[in-house]
Amino acid sequence: MKRIILSLTTACISSLIGYAQTGSWFGELNIMGQKLPLVFNFYEKTCTMDSPKQGAKGIKTEWTPNSDGDVEITIPMIGAKYKGKYDGKEIRGNFTQSGMSFALNLTQDELAKPNRPQTPVAPFPYTTEEVTFKNGEVELHGTLTLPENYTKNTPAIVMVTGSGQQNRDEELFDHKPFAVIADALAKKGIASLRYDDRFWGNKNEVFVNYTTTHLKHDALAAMSVLRERFDNVGTLGHSEGGTIALLIAEEGKADFIVSLAGMVGNGKDCILQQNSSMLSKTGVPADIVQSYCNALGVGFDQLLAGKTPKDITAPSGLNPSFLNNFNVAMKQASSPWFLSFLQLDASKELYKIECPVLALNGKLDTQVDYEINLNLLNKNLKTKNKKIIALDNLNHLFQNCKTGLITEYGEIEETISQDVLNTISAWINEIKKGQKD
């Protein structure tokens, strides 16, 4: 899941245009050995920030220019500040948030583009088709990937992205995992349909106004497209998409499913676990982590009881440095998507699933805890054809990693473990063979 309550690595910065030329300025935060590139785009009177590794562009900033060349920025949304000074060549300064300070220097030298060796490059040994389909009045756009010599008996799968609005490739940090998966499956004789999330590219639509239920019905519409051409249609989902795959299977509407780091249990518990894991791994003291997560839990309960963010006061035990993070979290959690996600629990009806299930989770995943979620599957999933695997050294994106932290995702050149790609394609073809037998 890509919505993170606390972002320790997002900064907004501006500069005095009289001293720093307009255009883009580049820098890197070094956070516990992990580098986070930031790009700051200066215009005549405004500045926006891009965080390429986080897939964020055009973030608005607040800035106050000073005649002596000093740069002082406040970012209320995340409780951060930047102070720097332009020396004629670069802006040298420090970024602070939640009591932590990081050096951040900016120059106009463009950062090197990250290497992504797994991203498919034409020519391909398969064909693709651009497709458009509807869920009610919502029009969706995607790419259908068709292996050589495909027939109606070829297994086909719909790919469902994780939380947060994403394109059909589930693009993040310059990685394109769904494009890589589609490529690997096609080479093994498996068709796939991946599609942009609803209203992708439409800035007039607020994506968090739509819930997991809306997204599930989008996935079902995509499956209908495949059923017009194939007899054996499944769902592959990552993160929230994995949860959606389970929900579809519980309704008996999939011939097989693949859940990649899917949340199985309660959404509220998952968000709290996510915050606890990531804060602990970034070095925040245990007592502060506990007080913040306790505060989040209390706040979530009040939102679910009908209170608005302005009516919620942080518990007295919360560390002051996390007060702003708490207030931002309450505002984020008041959206229709978040409120429904807090109550979501796919584990309650797992017993209804009869189709084959493949579930994979990385042991170093800091966003969806592998033990909690795979244990729920092992306990409650009754289908005879199931394969549930916890994978060593893999993070939430199924990259081989060291820490599992989000800051590591963009540093890793690998988009997705080749072993995972092999496991998915082999399992789907095994299902196909079993159906023939």
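Every chain begins its residue count from 1, and numbering advances along the sequence as written. With pLDDT at 70 or above as the cut-off, local features in this predicted model cover only qualifying residues; side-chain atom pairs require 80 or more to be listed or tallied, and sums for whole chains, interfaces and linings still use all residues. Side-chain measures here rest on the full set of heavy atoms in the structure, leaving out hydrogens and waters.

Some remarks on the overall build of the chain
Turning to step 1, where the next piece is worked out: From N to C terminus, the chain includes 10 helices and 17 strands.
Turning to step 2, where the next piece is worked out: Rg of the C-alpha trace for the chain: 23 Å, near the compact-globule value of 22 Å for 437 residues, within the 12% margin.
Turning to step 3, where the next piece is worked out: Referenced to the eigenvectors of the C-alpha coordinate spread, the extents of the chain come out at roughly 80 × 50 × 45 Å.
Turning to step 4, where the next piece is worked out: By residue count, 55% of the 437 residues in the chain fall in the buried class.
Turning to step 5, where the next piece is worked out: Pairs at least 24 residues apart make up 67% of the contacts formed inside the chain by residues separated by at least 6 positions.
Turning to step 6, where the next piece is worked out: As displayed, the chain has an accessible area near 19,200 Å², and 48% of this comes from carbon and sulfur atoms.
Turning to step 7, where the next piece is worked out: Of the charged side chains in the chain, 44 are positive and 49 negative, and the gap between their average positions amounts to 2 Å. To qualify as a helix, a DSSP run of H or I must reach at least 4 residues; to qualify as a strand, a run of E must reach at least 2; elements of each kind are numbered from the N terminus. Between the two quantities, the radius of gyration covers C-alpha atoms and the globule rule is 2.2 Å times the number of residues to the power 0.38. With a 1.4 Å probe rolled over the protein chains alone, any residue whose accessible area is under 20% of its type maximum counts as buried; one over 50% counts as exposed, and the rest are partly exposed. Only heavy atoms enter the contact rule, under which two residues are in contact if any of them lie within 4.5 Å. Computed with a 1.4 Å probe, the accessible areas rest on the Shrake-Rupley method; for each residue, only the protein chains presented here act as cover. Positive charges come from Lys and Arg alone, negative charges from Asp and Glu alone, with His and the N- and C-terminal ends not counted. Where a charge lies is defined by one atom per residue type, namely NZ (Lys), CZ (Arg), CG (Asp) and CD (Glu).

Thoughts on the environment of Arg116
Turning to step 1, where the next piece is worked out: The topology assignment puts Arg116 in the loop between strand S9 (100–106) and strand S10 (126–135).
Turning to step 2, where the next piece is worked out: By relative accessible area, which is 10% here, Arg116 ends up buried.
Turning to step 3, where the next piece is worked out: For Arg116 and Gly410, which are 294 residues apart along the polypeptide, the C-alpha to C-alpha distance reads 9.8 Å.
Turning to step 4, where the next piece is worked out: Once you skip the residues sitting within four places of it in the chain, Arg116 turns out to touch Phe173, Asp174, His175, Gly410, Ile412, Glu413 and Thr415.

Focus: helix H6 (residues 323–333)
Residues spaced three or four apart along an α-helix point in a common direction, a consequence of the helix completing one turn every 3.6 residues.
Turning to step 1, where the next piece is worked out: Within H6, burial applies to Asn325, Phe326, Val328, Ala329, Met330 and Ala333.
Turning to step 2, where the next piece is worked out: On its buried face, H6 is in contact with strand S8 (91–97), helix H5 (286–304) and helix H7 (336–343).

Structural notes on the pattern of salt bridges
Turning to step 1, where the next piece is worked out: Here, a salt bridge means any Lys or Arg side-chain nitrogen found within 4 Å of an Asp or Glu carboxyl oxygen. A complete count under the given rule lists 15 salt bridges for this structure.
Turning to step 2, where the next piece is worked out: For Arg198, the salt bridge goes to Asp218, with nearest N and O atoms at 2.8 Å. With a gap of 20 residues between them, Arg198 in the loop between strand S13 (191–195) and helix H2 (212–227) and Asp218 in helix H2 connect regions that are remote in the sequence. Just as Arg198 is buried, Asp218 falls in that class too.

A closer look at the packing of helix H4 (residues 267–281) against H7
Turning to step 1, where the next piece is worked out: As a rule, the C-alpha atoms of each element are fitted with a line to give its axis, helices using only the stretch in contact, and angles between N-to-C directions run from 0 to 180 degrees. Put simply, H4 and H7 touch, their axes get as near as 5 Å, and they point 100° apart. Judged by the inter-axis angle, H4 sits roughly perpendicular to H7. Of the residues in H7, those in contact with Gly267, Lys268 and Ile271 of H4 are Phe338, Phe341 and Leu342.
Turning to step 2, where the next piece is worked out: Three classes are used, and their members are as follows: Ala, Val, Leu, Ile, Met, Phe, Trp, Tyr, Cys and Pro are nonpolar, Asp, Glu, Lys and Arg are charged, and the others, Gly among them, are polar. For the contact of H4 with H7, the residue count by class is 4 nonpolar, 1 polar and 1 charged. If an angle is under 35 degrees, it is roughly parallel; if it is over 145, roughly antiparallel; if it lies from 65 to 115, roughly perpendicular; otherwise it is oblique.

Structural notes on the sheet that holds strand S11 (residues 138–147)
By way of backbone hydrogen bonds, the strands of a sheet pair with one another, either parallel or antiparallel.
Turning to step 1, where the next piece is worked out: Pairing between two strands is assigned when DSSP locates at least 2 bridges connecting them. Reading across from one edge, S10-S11-S13-S12-S14-S15-S16-S17 is the order of the 8 strands in this open sheet, with mixed pairing throughout. For this open sheet the edge positions go to S10 and strand S17 (386–391), each flanked by a neighbour on one side alone. Across the sheet, the mean angle separating the axes of adjacent strands is 15° when strand polarity is ignored.
Turning to step 2, where the next piece is worked out: The sheet contacts of helix H1 (residues 177–187) involve S10, S11, strand S12 (156–160), S13, strand S14 (233–238) and strand S15 (257–260), and relative to S12 the element is tilted by about 170°.
Turning to step 3, where the next piece is worked out: The strands touched by helix H3 (residues 240–250) are S12, S14 and S15; relative to S14, the strand with the most contacts, the crossing angle is about 150°.

Quick look at the nonpolar core
Turning to step 1, where the next piece is worked out: For the purposes of this section, nonpolar cores are sets of buried Ala, Val, Leu, Ile, Met, Phe, Trp, Tyr and Cys residues that join through side-chain atoms within 4.5 Å. Of all hydrophobic cores here, the largest spans 70 residues; its most connected members are Phe133, Leu193, Phe300 and Phe326.
Turning to step 2, where the next piece is worked out: Excluding residues that lie within four positions of it along the chain, Phe326 makes contacts with Tyr292, Ala295, Leu296, Gly299, Ile312, Thr313, Ala314, Pro315 and Leu318.
Turning to step 3, where the next piece is worked out: If you look at the next biggest cluster of nonpolar residues, it comprises 26 residues, including Val180, Phe398, Val420 and Ile424.

Nothing here speaks to function; it is all geometry.
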